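Topology and contacts: notes
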Protein chains: 4
Amino acid sequence: MDDMLAMGKQILAMQPFSVLLGAELTDFSEKTAELRVPIRKDLMQQHGFLHGGVVSYAADNALTYAGGGALKSAVLTSEFKINYVRPALGEYIVARAKVVYAGKTQAVCRCDVFTIKDAEERLCATAQGTITKIGKSGINGMD
Amino acid sequence: MDDMLAMGKQILAMQPFSVLLGAELTDFSEKTAELRVPIRKDLMQQHGFLHGGVVSYAADNALTYAGGGALKSAVLTSEFKINYVRPALGEYIVARAKVVYAGKTQAVCRCDVFTIKDAEERLCATAQGTITKIGKSGINGMD
Amino acid sequence: MDDMLAMGKQILAMQPFSVLLGAELTDFSEKTAELRVPIRKDLMQQHGFLHGGVVSYAADNALTYAGGGALKSAVLTSEFKINYVRPALGEYIVARAKVVYAGKTQAVCRCDVFTIKDAEERLCATAQGTITKIGKSGINGMD
Amino acid sequence: MDDMLAMGKQILAMQPFSVLLGAELTDFSEKTAELRVPIRKDLMQQHGFLHGGVVSYAADNALTYAGGGALKSAVLTSEFKINYVRPALGEYIVARAKVVYAGKTQAVCRCDVFTIKDAEERLCATAQGTITKIGKSGINGMD
């Protein structure tokens, strides 16, 4: 395991919510990030699918990692948009994000979220968002 | 408590993920919905703020309720966009959604998410999305 | 006419594309902006409605004005999202934007676009976006 | 030139606004669409760049074509989101859209917009949106 992935895993382990969801970082480079979340019963909605909130968590967090890798800094997600295209069924989801553009303080990234069932991948959501460096002037990148 | 809110609470109680997060429906009408989530330690990210994934869960779910109230049907969120504007600190967040437009099969809704600390409200995120009736032809509104 | 609106009109007159479309700034304050565009034949699509591109132009430009008024600076739109809810028919459209949050370098704004026909207003689109100060380090707010 | 591209060009020629902008359809298949718009003086903003409204027009219209090719139907854009990443300078822009997911009535598509200057391409914006079949029940896909 390379240094960047190891560092990324440490950060994820420091996020109580990511630990609660059982999220795992499986790839992290200067251009890409991949995050897995198991499809557990306690993460579902009322129809037996993974809750959309878990899918958007995975997309959001993978976007943040991808942007952080490109900006080489502590970052946060300023905004993102997600389209859900299929219900999330199977063993787990994997969110794969990549950097589309990186400037000095912000990066624009995309993320596809797939469900994995019997080793078969199907797209369940797709997202696009802006990742911003955490500056001295404010924690949230807006100030 | 009116019938619509009681029904909404029942649905929320059937979502294991909403139960895991401690979410509570506090308003539900044909035009509006309000959802609360406590800012607990296990829902935070590494800087001591509520994780963005919990904020987007609250926005997404409140949007879904608002759209469902307008469409008078089982619904799902087809897509949404969220801007995070301040870190979420305090006792809990409240997501207030309202219907901007409702057609026969889809509704467009908005949602503001506020943090509550010492009885003071501050905006922490704002969202906009499309809610779609679950039809006979497919669970996810896309098919 | 107040100074801020006069200044806003001057800027609009310097945008050849806004002049081409016949756009008119009808309100501009530190919190709000309003832009009108006539529904002319040369701005339509193939079904006789105003082209979506004109509707999104109006939303985008009104968002930029609203953000610029709040940030008191030259600004640009970093990103926005728009939902079209009804076809644009009538005499003109009016895009009304307001500031939801303003930080030091970015503002989050919303905009509703209405069609005006026989003095009656109907919502045709709604948008949300991020407006960014043009800094010394780059024209586009990303660098 | 194949039949699909020829049909697409005919539709574009029926859109007065697309004719006004000098837009040209350069690719159209069941999965992709490509649209070009010249960077003319009358399409600029006040700093000498192509107006963002033209960039979003190109993204929106390319998304619509891509979705229409996949859905094999008259369609419209229900919603889209765009991130502007660089100012648009050069001879023309080209918007390349592709289908990410296609269901029975809606498709989710992405579009990258590039500026072309001295035969060099640079990304200037990226978009994602939902394209909807025009049904019997309503022109705008919402009813």
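Everything numeric here is computed off the predicted structure, so don't read it as measured data.

Concerning the overall build of chain A
Helix and strand counts for chain A stand at three helices and six strands. N-terminal to C-terminal, the α/β element order of chain A is α-α-β-β-α-β-β-β-β. What you see for chain A is a C-alpha radius of gyration of 15 Å, in line with the 15 Å of a compact globule of 143 residues. C-alpha extents for chain A along the principal axes are approximately 45 × 30 × 25 Å. By residue count, 59% of the 143 residues in chain A fall in the buried class.

Some remarks on the interface of chain C and chain D
Accessible area lost when the parts come together is the quantity often used to give the size of an interface. Counting residues at the interface gives 35 residues for chain C and 35 residues for chain D. Of all elements in the fold, only helix H2 (16-21), helix H3 (52-71) and strand S3 (75-84) of chain C reach the threshold of two or more residues within the side of chain C that touches chain D. Element by element, the count of residues in the side of chain C that touches chain D is highest for S3(C), at eight residues. Tallied by class, the residues present in the side of chain C that touches chain D amount to 16 nonpolar, 13 polar and six charged.

Digging into the relation of the copies chain C and chain D
Least-squares fitting of chain C to chain D yields an RMSD of 0.0 Å, with the superposition described by an axial translation of 0.0 Å and a rotation of 180 degrees. Expressed as a symmetry operation, the mapping of one chain copy onto the other fits a two-fold axis. Rotation axis and chain C: the residue whose C-alpha lies nearest the axis is C:Lys81, separated from it by 2.0 Å. By residue overlap, the copies meet face to face through one surface: 100% of the interface positions of chain C are interface positions in chain D.

Brief notes about helix H3 (residues 52-71) of chain A
Every α-helix winds through 3.6 residues per turn, so residues three or four apart in the chain are directed the same way. Residue and element names in this part refer to chain A. Helix length check: H3 (20 residues) gives 28 Å between terminal C-alpha atoms against 28 Å at 1.5 Å per residue, within 8%. Most of H3 is tucked away: 20 of the 20 residues are buried. Two residues or fewer after H3 comes Lys 72, characterised by a positive phi angle close to 50 degrees.

A closer look at the sheet that holds strand S6 (residues 120-133) of chain A
What the 12 strands build is an open sheet, ordered S1(A)-S2(A)-S4(A)-S5(A)-S6(A)-S3(A)-S3(B)-S6(B)-S5(B)-S4(B)-S2(B)-S1(B); its pairing is antiparallel. Each having just a single partner strand, strand S1 (24-28) of chain A together with strand S1 (24-28) of chain B make up the two edges of the open sheet. Here the strands of the sheet are splayed against their neighbours by 25 degrees on average, with no regard to which way each runs. Note: strand S4 (residues 92-102) of chain A against strand S5 (residues 106-117) of chain A, 10 bridges, orientation antiparallel. Among the inter-strand pairings, A:Val99 is bridged to a residue of S5(A), identified as A:Cys109. With respect to the sheet, helix H3 (residues 52-71) of chain B is in contact with strand S3 (75-84) of chain A together with S1, strand S2 (32-38), strand S3 (75-84), strand S4 (92-102), strand S5 (106-117) and strand S6 (120-133) of chain B, its orientation differing from that of S4(B) by roughly 40 degrees.

With respect to the packing of H3(C) against helix H3 (residues 52-71) of chain D
The N-to-C vectors of H3(C) and H3(D) enclose an angle of 135 degrees; their axes lie 9 Å apart at closest approach. On the basis of the axis angle, H3(C) is oblique to H3(D). Here the hand of the crossing between H3(C) and H3(D) comes out right-handed. Taken together, the residues of H3(D) that come into contact with H3(C) (itself represented by C:Gly52, C:Gly53, C:Ser56, C:Tyr57, C:Asp60 and C:Asn61) are D:Gly52, D:Gly53, D:Ser56, D:Tyr57, D:Asp60 and D:Asn61.

Structural notes on the sheet that holds strand S4 (residues 92-102) of chain C
For sheets, the rule is that strands pair by backbone hydrogen bonds, running either parallel or antiparallel. What the 12 strands build is an open sheet, ordered S1(C)-S2(C)-S4(C)-S5(C)-S6(C)-S3(C)-S3(D)-S6(D)-S5(D)-S4(D)-S2(D)-S1(D); its pairing is antiparallel. In this open sheet, the two strands that pair with only one neighbour each are strand S1 (24-28) of chain C together with strand S1 (24-28) of chain D. Strand-to-strand, the axes of this sheet are offset by a mean angle of 25 degrees, without reference to chain direction. Pairing analysis gives 12 bridges linking strand S5 (residues 106-117) of chain D to strand S6 (residues 120-133) of chain D, with the strands arranged antiparallel. Following the sheet pairing, D:Val108 is matched in S6(D) by D:Thr130. With respect to the sheet, H3(D) is in contact with S3 of chain C together with S1, strand S2 (32-38), strand S3 (75-84), strand S4 (92-102), S5 and S6 of chain D, its orientation differing from that of S4(D) by roughly 40 degrees.

Some details on the pairing of S4(D)
All names here are of chain D. Summarising burial for S4: nine of the 11 residues are buried, a large majority. In the sheet, S2 pairs with S4 via seven bridges, with the strands oriented antiparallel. In the sheet register, Arg 36 faces S4, and the bridge partner there is Val 94. Hairpin connection of S4 to S5: three residues between the antiparallel strands.

Parameters at a glance
Residues numbered from 1 in each chain as written. Chains lettered and ligands numbered in written order. Predicted model: local features only at pLDDT ≥ 70, side-chain atom pairs only at ≥ 80, totals over all residues. Helix = DSSP H or I, 4+ residues; strand = E, 2+ residues; numbered from the N terminus. Rg over C-alpha atoms; globule rule 2.2 N^0.38 Å. Buried ≥ 20, exposed ≤ 12 C-beta atoms within 10 Å, placed from the backbone. Contact = placed C-beta atoms within 7 Å. Nonpolar A, V, L, I, M, F, W, Y, C, P; charged D, E, K, R; others polar. Least-squares fit on C-alpha atoms with pLDDT ≥ 70 in both. Expected span 1.5 Å × (residues − 1). Pairing = 2+ DSSP bridges. Axes fitted to C-alpha atoms, helices over the stretch in contact; angles between N-to-C directions. Parallel < 35°, antiparallel > 145°, perpendicular 65-115°, else oblique. Left-handed = near helix turned anticlockwise from the far one by under 90°.

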